[in-house]
Amino acid sequence: MNKEFFEALEELSIEKGISKAYLLDAIESALLTAYKKNFNSQENVKIVIDEEKASIKVYSLKEVVEEVFDPAIEICITNVKGRKKPKLGDIVEVEITPKDFGRISAQTAKQVIVQKIREAEREIVFTEYADRQGEIVSGLIQRVENNIMIVDLGRIEGIMKTTEQIAGEEYKVNDKIKAYVLEIQKNQKGVPQMLISRTHPGFVRRLFELEIPEIYEGLIEIKNIVREAGSRTKIAVYSKDMNIDPVGSCVGPRGIRIQNILNELREEKIDVVEWSEDPVQYIASALSPATVLAVDINESEMTSKVVVPDSQLSLAIGKDGQNARLSAKLTGWKIDIKSESQIKEEMNIQ
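Residues numbered from 1 in each chain as written. Predicted model: local features only at pLDDT ≥ 70, side-chain atom pairs only at ≥ 80, totals over all residues. Heavy atoms only, no water.

Asker: Please give an account of the overall build of the protein chain that cites residues and values.
Answerer: A count of helical and extended segments in the protein chain gives eleven helices and 15 strands. Expected size for 350 residues packed as a compact globule is a radius of gyration near 20 Å; at 35 Å, the protein chain overshoots this value by more than 25%. Overall, the protein chain is about 115 × 45 × 40 Å in size when its C-alpha atoms are taken along their principal axes. For the protein chain, buried positions account for 40% of its 350 residues. For the protein chain, the proportion of contacts with a sequence separation of at least 24, taken over those separated by at least 6, is 58%. With the model as given, the accessible surface of the protein chain reaches about 20,800 Å², and the carbon-plus-sulfur share is 47%. Across the protein chain, the mean location of the 48 positive side-chain charges is 5 Å away from that of the 58 negative side-chain charges. (Helix = DSSP H or I, 4+ residues; strand = E, 2+ residues; numbered from the N terminus. Rg over C-alpha atoms; globule rule 2.2 N^0.38 Å. Buried < 20%, exposed > 50% of the residue type's maximum accessible area, 1.4 Å probe, protein only. Contact = heavy atoms within 4.5 Å. Areas by Shrake-Rupley, 256 points an atom, 1.4 Å probe, with all protein chains shown as cover. Lys, Arg positive; Asp, Glu negative; His and termini not counted. Charge placed at Lys NZ, Arg CZ, Asp CG, Glu CD.)

Right, here's the structure in full:
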């Protein structure tokens, strides 16, 4: 190695934001491994990089003894050279730098520097994206491997597993896609990756925050969201301002304000309901779009009995019980739905 190498190392350190001491330590460690591998050495050695002299030397560490039994780790006291007289048991350094070690050093240093720069750049990318969890990102679909979607998000790759893809949605390579950031992680090779989702309830939350100014500004609060992705979402909203209609503000005239969200979610239905601290009102709202006649609650057991018109029973329960199921998840109450006729029949029997 020469002075130009160390000057280049200094410039590289500044450019990439990597400590030069860190690089030199890594090079020393790699050279130690390279020496033992190339020279089949069992000795206890150390590598010394002298920046001022622009040199790299190999030293064998040997114990000073009277009689040598293992030349690899011992040296006779009479053979020790130097100004300072050693004592038995001392550890001395004996230079054993091979003639062609310069070539090995150059190759090894180059490999280490490339590797450490790659690692540092990956760490920079990881740090840059680490705080993006919970955001919405956009990218282009690169490929699909074993039903896992790989999305180009710029300096980082997005991974969307099958469970995070909305059933029925079809995408092609180079299609643009939006998704919710679940987590930033590193794969087995240390490459940063972003786990993304289109099924997470947070995806709908973020879409509402982006599209409804009152939510973004904090005038309307999203209290809860439950979702069966690709089919139906229920979202409970609330405003402390009595002059703001939280549901109407989210939906807009003829549904115009919510339309971009519906377009993004394609065929998925969205029920925007008003949250209330009164469980009777909240449960009745949650069963939207069905009309509710009465709600009877048992607070200690968190259960409720709901009465709906005969014509609204199937709507209140929903296909495969979906509307009732999502309403229960949204409110946190168990909901038992009966029609007027069923209630009257029960009362007559009693």
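Back to the write-up after that little detour.
Asker: Go over the pairing of strand β5 (residues 136-145), please, and point to the residues and values.
Answerer: Across five bridges, β5 lies against strand β8 (residues 176-186) in antiparallel orientation. Looking at the pairing, S138 lines up with K178 of β8. Here β5 pairs with strand β6 (residues 148-152) via five bridges, running antiparallel. Each bridged residue has a counterpart across the sheet, and for I141 the counterpart in β6 is V151. (Pairing = 2+ DSSP bridges.)

Asker: Explain unusual backbone geometry residue by residue, including any values.
Answerer: In the segment running from S288 into P289, the intervening peptide bond is cis, with an omega of 15°. Take P289: it is sitting in the loop between α8 (279-286) and β13 (294-298). Positive phi, normally seen in glycine, also occurs at D320, with a value near 55°. Summarising the element assignment, D320 is placed in the loop between α9 (313-317) and α10 (322-331).

Asker: Outline α10, supporting the account with residue identities and numerical values.
Answerer: Side chains three or four residues apart in an α-helix point the same way, a direct result of the helix having 3.6 residues per turn. The buried fraction of α10 is high, at seven of ten residues. Listed in full, the buried residues belonging to α10 are Q322, N323, A324, L326, S327, L330 and T331. Contacts made by the buried residues of α10 are with β10 (221-228), β11 (232-238), β12 (269-274), α8, α9 and β15 (334-339). Just past α10, the residue G332 takes up positive phi, approximately 85°.

Asker: Lay out a negative patch on the surface in plain terms, naming residues and giving numbers.
Answerer: On the surface, E4, E7, E11 and E15 cluster together to form a negatively charged patch. Of note, E4 is situated in helix α1 (residues 3-16). (Patch = residues over 30% accessible without salt bridge, like charges linked within 9 Å, V, L, I, M, F, W, Y side chains within 5 Å. Salt bridge = Lys/Arg side-chain N within 4 Å of Asp/Glu carboxyl O.)

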